[in-house]
Amino acid sequence: MDRIVVRGGRRLEGEVRASGSKNATLALMAAALLTDRESVLRGVPRVRDVGTMMKILGALGVACEWDADDEHVLRIRAGRVSNPEAPYDLVRQMRASFLVLGPLVARLGTGRVSEPGGCAIGVRPVDQHLKGLEALGAKIRLDHGYVEASAATLTGARVAFDVSTVNGTQNVMMAAVLARGRTIIENAAREPEVAELAQVLCAMGAHVHGAGSDRIEIEGVESLGGVDHTVWGDRIEIGTLLAAGLVTRGDVTVRGADPGLLDATLEKLREAGGDVDVQGDAIRLRADAPPRGIKLVTAPYPGFPTDMQAQLMTALTLADGSSVVTETVFENRFMHVPELVRMGADIEVAGRAAHVRGVGGLSGAPVMATDLRASAGLILAGLAAEGETVVNRVYHIDRGYERIEDKLRRLGAEIRREEG
Ligand code: UD1
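Because the structure is a prediction, the values reported are computed rather than measured.

Undergrad: Explain the overall build of the chain here, please?
TA: When you go through the chain residue by residue, the secondary structure sums to 14 helices and 24 strands. Radius of gyration (C-alpha) of the chain: 21 Å, near the 22 Å computed for a compact globule of 420 residues. Projected onto the principal axes, the alpha-carbon positions of the chain cover approximately 65 × 45 × 45 Å. Split into buried and exposed, the 420 residues of the chain put 56% on the buried side. In the chain, once contacts between residues fewer than 6 apart in sequence are set aside, the share between residues at least 24 apart is 72%.

Undergrad: Would you mind showing me how to read the packing of aromatic side chains here?
TA: Under the defined criterion, the tally for this structure stands at zero aromatic pairs. In this structure, Arg-46 packs its charged tip against the face of Trp-66, placed 3.8 Å from the ring centre. Here Arg-112 stacks its cationic end above the ring of Tyr-146, 4.6 Å away from the centre of that ring.

Undergrad: What exactly am I supposed to notice about the site of the ligand here?
TA: The immediate surroundings of the ligand are formed by 18 residues, with Asp-127, Gln-128, Thr-165, Asp-307 and Val-329 found nearest. Between an oxygen atom of the ligand and a main-chain N or O atom of Gln-128, the distance comes to 2.7 Å. One of the side-chain nitrogen or oxygen atoms of Asp-307 is found 2.6 Å away from an oxygen atom of the ligand. Summarising the interface, the protein chains cover 85% of the accessible area of the ligand, which totals 740 Å² for the free molecule. Contributing elements (two or more residues each) for the shell around the ligand: helix H5 (127-135) and helix H6 (166-176). Looking at which element gives the most residues to the shell around the ligand, the answer is H5, with three residues. When the residues that make up the shell around the ligand are grouped by side-chain class, the tally is seven nonpolar, seven polar and four charged. Both of domain 1 (3-18 + 233-418) and domain 2 (22-230) provide at least three residues apiece to the shell around the ligand.

Undergrad: Where do I start with the domain arrangement of the chain in this structure?
TA: Frequently, the measure chosen for interface size is the accessible area that the parts lose on association. For the chain, the assigned domains read domain 1 (3-18 + 233-418) and domain 2 (22-230). When each unit is reduced to the centre of its C-alpha atoms, the spacing between domain 1 and domain 2 is 30 Å. With 22 residues of domain 1 at the interface, the matching set in domain 2 holds 21 residues. Across the interface of domain 1 and domain 2, roughly 1700 Å² is buried in total on both sides, 51% from carbon and sulfur atoms. A per-residue breakdown of the area domain 1 buries against domain 2 is headed by Tyr-301, Arg-399 and Glu-402, which together make up 38% of the total. Joining domain 1 to domain 2, the criterion identifies two salt bridges. The shortest N-O distance in the salt bridge between Arg-235 and Glu-193 comes to 2.8 Å. Listing elements by their share of the side of domain 1 that touches domain 2, those giving two or more residues are helix H12 (372-384) and helix H13 (395-398). The residue makeup of the side of domain 1 that touches domain 2, split by class, is nine nonpolar, three polar and ten charged.

What counts, and at which threshold
Residues numbered from 1 in each chain as written. Predicted model: local features only at pLDDT ≥ 70, side-chain atom pairs only at ≥ 80, totals over all residues. Heavy atoms only, no water. Helix = DSSP H or I, 4+ residues; strand = E, 2+ residues; numbered from the N terminus. Rg over C-alpha atoms; globule rule 2.2 N^0.38 Å. Buried < 20%, exposed > 50% of the residue type's maximum accessible area, 1.4 Å probe, protein only. Contact = heavy atoms within 4.5 Å. Phe/Tyr/Trp six-rings, centres within 6.5 Å; stacked < 30°, edge-to-face > 60°. Lys NZ or Arg CZ within 6 Å of the ring centre and 35° of its normal. Near = heavy atom within 4 Å. Polar contact = N/O pair within 3.5 Å; in protein donor to acceptor, adjacent residues only side chain to side chain. Areas by Shrake-Rupley, 256 points an atom, 1.4 Å probe, with all protein chains shown as cover. Nonpolar A, V, L, I, M, F, W, Y, C, P; charged D, E, K, R; others polar. Domains from an automatic or database assignment. Buried area = accessible area lost by both parts, 1.4 Å probe. Salt bridge = Lys/Arg side-chain N within 4 Å of Asp/Glu carboxyl O.

This is how it looks when you write it as structure tokens:
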């Protein structure tokens, strides 16, 4: 298993370009199931989750290939979908696999996806996805660990989610675009990945209004066409690289951003002591003093993203003063805490809140990545720590970051991957 070895203490300086959004890509790949025409996605990050979604589409009998001339262009053509089942072995690797259920019912009248089950960052049920599909007329059956949804025709309906769910909103939206009549989604997730999916669905011929707000209206159409879309910059990768600037008291510029989508992240980076400038698609963070202690509460968009919590917490371990980090989106998303403590951080967790008392420095140590964003936090800790940090189980980070060590090295970090 690969490991990432970081020798800390270098100030990061320079400019890098962000990859396309991993989370947006996964939903857009599922949307390609809605049409028999070709979907071309550009700026797709070469990360493991995208590879898993490619395998799922392959298992459904759909052609999905990287372009021969551009390694970030993905071509998907669901001319025929020969198998409606997403198998357990793939779904268990990535919960977002569940995103194919809505498109499968809409396109084929039936879909079977393995029940994703629990996962490291909490229980993460799919009840809201199912509630939405049921409202559109799908019959849901749970059978031998699989969720089966079927409907001869889907009919537009009102869906009011009990919790704000990103993939749930996307799943129901993708089913509704081919349903008969009008669907109204209330308490819809407002994340940019929902808005981007809606933009792509509209480019395919769907009628979707209001995505990005908490009320989405969809007027079903008979069929959809192909699309050629460039994926928006990954707001979480961008935030992670800027946070790397903060922890190393550096001067980091990330290009390829839509800064408007990072408001909450930039606000907290500023509050924590980063000097943040936005120019066009570039965001620059400079820091020349230790971070400052702050209060941080994760929340659905436009709140501070849970996917940035571990990275910011790492910065706060080095703050002048104390911080309270409250995680409201997922239970059990503090698995980076014991590892940070092993590196010298002073953190106490009480329920959903982590109390972080800033320390003067961290010391390098072997640590274990436990999930995608926790691993990013540990790499940032390694960049700031004295001595060497070895982050084990980096397959977690490879799920969502394309060669993060290359980007950090370009900024001056002493970091390498050891394969094996
Ligand atoms: C997506 C992102 C993930 C991010 C998360 C929250 C992708 C591939 N992943 O995950 O990176 O951390 O949004 O921004 O886009 N819930 C239910 N019932 C459901 C669905 C969700 O109770 O049917 C709960 C979850 O347990 C969680 C909360 O709702 O507590 C938010 O989860 P959700 O927005 O659905 O996360 P994902 O879409 O899975």
